[in-house]
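# Coordinates in review
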Amino acid sequence: MENSVKTILKVNSSGQRDSSVSRQLVAKVADKLLRENPGADLIERDVSGGLPPVNEAWIGANFTPKDQRSEEQRTVLGSSDALVEELRNADVIVVGVPIYNFGIPAALKLWVDQIVRAGETFRYGEQGPVGLLEGKRAVVTVASGGVETGSAADYASTYMKHVLGFIGITDVTIVSANGLAMDADTAIASAHQAIEELQLAAA
Ligand SMILES: Cc1cc2nc3c(=O)[nH]c(=O)nc-3n(C[C@H](O)[C@H](O)[C@H](O)COP(=O)(O)O)c2cc1C
């Protein structure tokens with residue numbers, strides 16, 4: 001990543017608003033990025049309200065070559081195209097992930113399904129798939145009631161890291177507030193500390 005961050009994309013997915021820890025951590029990372037990169041654009045994407053499903057029409061449109069898509073197929077992919085463009089324009093992506101039933105929220109999975117697209121964010125090369133979004137960095141803020149990030153029960157941060165890497169975003173930092181159901185103050189303080197210490201401008 002270049003030292004200068006011009007565009008920051010925040011993606012939030014918690015069903016909670018003011019009481020959401022993952023949202024609070026996303027905001028803190030974004031504030032730090034804005035402080036360190038004055039004038040950077042901040043794009044806010046909240047996926048918690050749901051996104052279009054990947055249904056038959058969507059799949060048919062996606063696998064029709066771009067120059068052969070009907071008007072209707074272009075409309076079906078409109079929202080996905082906009083989400084991909086948003087991601088392409090961002091230098092740093094900050095994703096808020098509440099752990100729901102050991103994984104990511106269904107609403108965030110819909111976002112993943114809309115942005116992982118052959119020919120757009122990855123391509124099939126001779127040696128296998130190749131991510132197309134290079135030179136970006138991601139910070140994923142994870143909030144959980146009990147599950148420890150990186151433990152066998154964590155299908156959230158490992159999944160996000162994998163799927164972002166698949167589309168070329170291999171520089172992924174995870175910031176976690178775990179154990180919120182037991183000792184929220186300590187978990188949040190430790191996540192805040194980790195954010196303060198993040199070297200976000202480093203190449
Ligand atoms: C539907 C639902 C499912 C949850 N499942 C888990 C879980 O499997 N493991 C866990 O540690 N915490 C679980 N939690 C607790 C949340 O991870 C925790 O409340 C976290 O703070 C949510 O993120 P947020 O504060 O950004 O909304 C669940 C919470 C909800 C609402």
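Our structure's up above, just so we're on the same page.
Residues numbered from 1 in each chain as written. Predicted model: local features only at pLDDT ≥ 70, side-chain atom pairs only at ≥ 80, totals over all residues. Heavy atoms only, no water.

Turning to the environment of K28, a few remarks are in order. Within the secondary structure layout, K28 lies in helix α1 (residues 21-36). Separated by 26 residues in sequence, K28 and V54 have C-alpha atoms that sit 32 Å apart. For K28, the side chain forms a polar contact with the side chain of E196, separated by 2.8 Å. (Helix = DSSP H or I, 4+ residues; strand = E, 2+ residues; numbered from the N terminus. Polar contact = N/O pair within 3.5 Å; in protein donor to acceptor, adjacent residues only side chain to side chain.)

By size, the foremost hydrophobic cluster in this structure holds 29 residues, and its most contacted members are I93, L108, W111 and M160. Elements supplying a minimum of two residues to this core: β1 (7-12), α4 (78-89), β3 (92-98), α5 (106-115), β6 (137-143) and α6 (157-166). Excluding residues that lie within four positions of it along the chain, M160 makes contacts with V95, V97, I104, L108, W111, V112 and V140. Core analysis: the next-biggest nonpolar cluster, separate from the first, contains 21 residues, I8, L25, V94 and I195 among them. (Core = buried A, V, L, I, M, F, W, Y, C linked by side-chain atoms within 4.5 Å. Buried < 20%, exposed > 50% of the residue type's maximum accessible area, 1.4 Å probe, protein only. Contact = heavy atoms within 4.5 Å.)

All right, on to the pattern of salt bridges then. Once the charged atoms of two side chains with opposite charge are near each other, the side chains can pair. Within this structure, the stated rule accounts for 13 salt bridges. A salt bridge links E36 to K32, with the nearest nitrogen and oxygen atoms 3.2 Å apart. Highlighted residues: E36 and K32, both in helix α1, separated by four residues, approximately one helical turn. Since its relative accessible area comes to 5%, K32 is described here as buried. Where K66 meets E120, a salt bridge forms, and the shortest distance between an N and an O atom there is 3.0 Å. With K66 in the loop between α2 (56-62) and α3 (71-76) and E120 in the loop between α5 and β4 (122-125), this residue pair connects regions lying 54 residues apart in the sequence. (Salt bridge = Lys/Arg side-chain N within 4 Å of Asp/Glu carboxyl O.)

Bringing α4 into the picture now. Its 12 residues place the ends of α4 17 Å apart at the C-alpha level, agreeing with the 16 Å of an ideal helix rising 1.5 Å per residue. Residues S80, L83, V84, E86 and L87 constitute the buried set of α4. Taken end-on, α4 shows its buried residues confined to a sector of 155°, consistent with a single buried face. For α4, the elements touching its buried residues are β1, β2 (41-46), α2, β3 and α5. (Expected span 1.5 Å × (residues − 1). Arc of directions from axis to C-beta.)

Okay, unusual backbone geometry next. Of note, the phi angle at N101 is positive, near 50°, even though the residue is not glycine. Inspection of the secondary structure puts N101 in the loop between β3 and α5. For F102, which is not glycine, the phi dihedral falls at a positive 75°. As for its placement among the helices and strands, F102 is situated in the loop between β3 and α5.

The next thing to look at is the pairing of strand β5 (residues 128-131). Strand direction decides the pairing type here: β4 and β5, joined by four bridges, are antiparallel. Looking at β5, one finds that R123 is bridged to V130. Connecting the antiparallel pair β4 and β5 is a turn made up of two residues. (Pairing = 2+ DSSP bridges.)

What follows covers the packing of α1 against helix α7 (residues 180-197). Packing of α1 against α7 brings their axes to within 10 Å, and their N-to-C directions diverge by 15°. Taken together, the axes of α1 and α7 are roughly parallel relative to one another. Seen from above, α1 lies across α7 with right-handed handedness. Here V21, Q24, L25, K28, V29, K32 and R35 of α1 come into contact with α7, specifically with L180, I188, A191, H192, I195 and E196. Residues that form the contact of α1 with α7 fall into these classes: seven nonpolar, two polar and four charged. (Axes fitted to C-alpha atoms, helices over the stretch in contact; angles between N-to-C directions. Parallel < 35°, antiparallel > 145°, perpendicular 65-115°, else oblique. Left-handed = near helix turned anticlockwise from the far one by under 90°. Nonpolar A, V, L, I, M, F, W, Y, C, P; charged D, E, K, R; others polar.)

This part is about the sheet that holds β2. The five strands are arranged β2-β1-β3-β6-β7 in an open sheet whose pairing can be described as parallel. Where the open sheet ends on each side, the last strands, each with one partner, are β2 and β7 (171-177). Strand-to-strand, the axes of this sheet are offset by a mean angle of 15°, without reference to chain direction. Pairing between β6 and β7: seven bridges, direction parallel. Note on β7: the bridge partner recorded for V142 is S176. Sheet strands touched by α7: β6 and β7. Its angle to β7, the strand with the most contacts, is close to 140°.

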